[in-house]
Amino acid sequence: PAEIAEMGQVIHESGKRLERLIENFLIYTQIELLAADSQQAVALRAKRTPQPDKLIQARARQQAQAAARPGDLSVELVGGSIAISEEHLAKIIDELLSNAFKFSKTGTPIRVTLSASPKVATLTISDRGRGFSAEQTAKVGAYMQFGRKLHEQQGLGLGLVIAKGLTELHAGEFAIQSAPGEGPTVTVKLPTAPEA
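Residues numbered from 1 in each chain as written. Predicted model: local features only at pLDDT ≥ 70, side-chain atom pairs only at ≥ 80, totals over all residues. Heavy atoms only, no water.

Student: An account of the overall build of the protein chain is requested, with residue identities and associated values reported.
Tutor: Scanning the protein chain from terminus to terminus reveals six helices and five strands. Tracing the protein chain from N to C terminus, the helices and strands come up as α-α-α-β-α-β-β-α-α-β-β. Every one of the 196 residues in the protein chain was classed for burial, and the buried ones make up 39%. Long-range pairs, those at least 24 residues apart, make up 68% of the contacts in the protein chain between residues at least 6 apart in sequence. Counting every atom, the protein chain has about 11,200 Å² of accessible surface; 55% of that belongs to carbon and sulfur. (Helix = DSSP H or I, 4+ residues; strand = E, 2+ residues; numbered from the N terminus. Buried < 20%, exposed > 50% of the residue type's maximum accessible area, 1.4 Å probe, protein only. Contact = heavy atoms within 4.5 Å. Areas by Shrake-Rupley, 256 points an atom, 1.4 Å probe, with all protein chains shown as cover.)

Here you go:
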């Protein structure tokens, strides 16, 4: 029974990974289609997340729990409406934090901050993982995984390109600051939304 339970758990986890991979393929395709349709992009940019701090806090805690690293998470958030749907903001958070927990060691900090000026909300996620070279940072794109020959990895490298694509689709800016052996800091800047 113990072996069957263990095999069942492995099958379940593999199924969840496959589900996430298919979901990411569909989201990647959706981003490409929306980027090519200016009317759809304008409609998309009209969406709002009125309390991004609460959404980010909840998603960050979920990712930390899933990675069994709740003690490594540090969150510092300022509220204020952002011009992006809750669904898309949640996807950006999930992809970036999944990578942060996956590619850094247990016991090292994962820091999430959100600050806002009158026109721009700035989200940063930093960790102390293996980092990126300047060449790798410039190549962030679909199907690009870094260091796969050196480190075991799941998936196809769609997480960063989805986060970048969603950010840019919402008239935002996406940047990675890093160096090999130093943890990366990913910055997402999105327009703030005027209060109704």
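Back to the write-up after that little detour.
Student: Tell me what's going on with the nonpolar core, and back it up with residues and numbers.
Tutor: Counting residues in hydrophobic clusters, the biggest one holds 35 residues, and the most contacted among them are L96, L97, I162 and F174. The set of elements that each furnish at least two residues to this core consists of α1 (2-35), α3 (52-66), α4 (86-102), β2 (110-116), β3 (120-126), α6 (159-169), β4 (173-179) and β5 (182-191). Considering every element that reaches this core, the biggest residue donor is α4, with eight residues. Apart from the residues within four sequence positions on either side, L96 is in contact with I125, L160, A163, F174, V186 and V188. (Core = buried A, V, L, I, M, F, W, Y, C linked by side-chain atoms within 4.5 Å.)

Student: Provide a residue-level description of the environment of T124, including the pertinent values.
Tutor: Along the chain, T124 falls in strand β3. With 64 residues separating them in the primary sequence, T124 and V188 have C-alpha atoms 6.3 Å apart. Ignoring sequence-local partners within four residues, the contact set of T124 consists of R111, V112, T113, T185, V186 and T187. Side chain to side chain, T124 and T113 meet in a polar contact 2.3 Å long. (Polar contact = N/O pair within 3.5 Å; in protein donor to acceptor, adjacent residues only side chain to side chain.)

Student: Can you tell me about the pattern of salt bridges, naming the residues and giving the values?
Tutor: For the structure on display, the rule yields eight salt bridges. R20 is the salt-bridge partner of E95, the closest N and O atoms lying 2.7 Å from each other. Of the two residues, E95 sits in helix α4 while R20 sits in helix α1, which places them 75 residues apart along the sequence. In this structure E95 comes out as buried when scored by relative accessible area, which is 2%. (Salt bridge = Lys/Arg side-chain N within 4 Å of Asp/Glu carboxyl O.)

Student: Please give an account of the sheet that holds strand β1 (residues 73-77) that cites residues and values.
Tutor: Across the sheet, which stays open at both edges, the five strands sit in the order β1-β2-β3-β5-β4 with mixed pairing between neighbours. Edge positions in the sheet fall to β1 and β4, since each has one partner strand and no second. Across this sheet, the average inter-strand angle for adjacent strands is 10°, counted without regard to direction. Of the strand pairs in this sheet, β2 and β3 are connected by six bridges, and their pairing is antiparallel. Residue S115 lies in a different strand from β3, and its bridge partner there is T122. Running over the sheet, α3 touches β1, β2 and β3 and is turned about 175° from β1. Helix-sheet contacts for α6 involve β4 and β5, and the interaxial angle to β4 is about 140°. (Pairing = 2+ DSSP bridges. Axes fitted to C-alpha atoms, helices over the stretch in contact; angles between N-to-C directions.)

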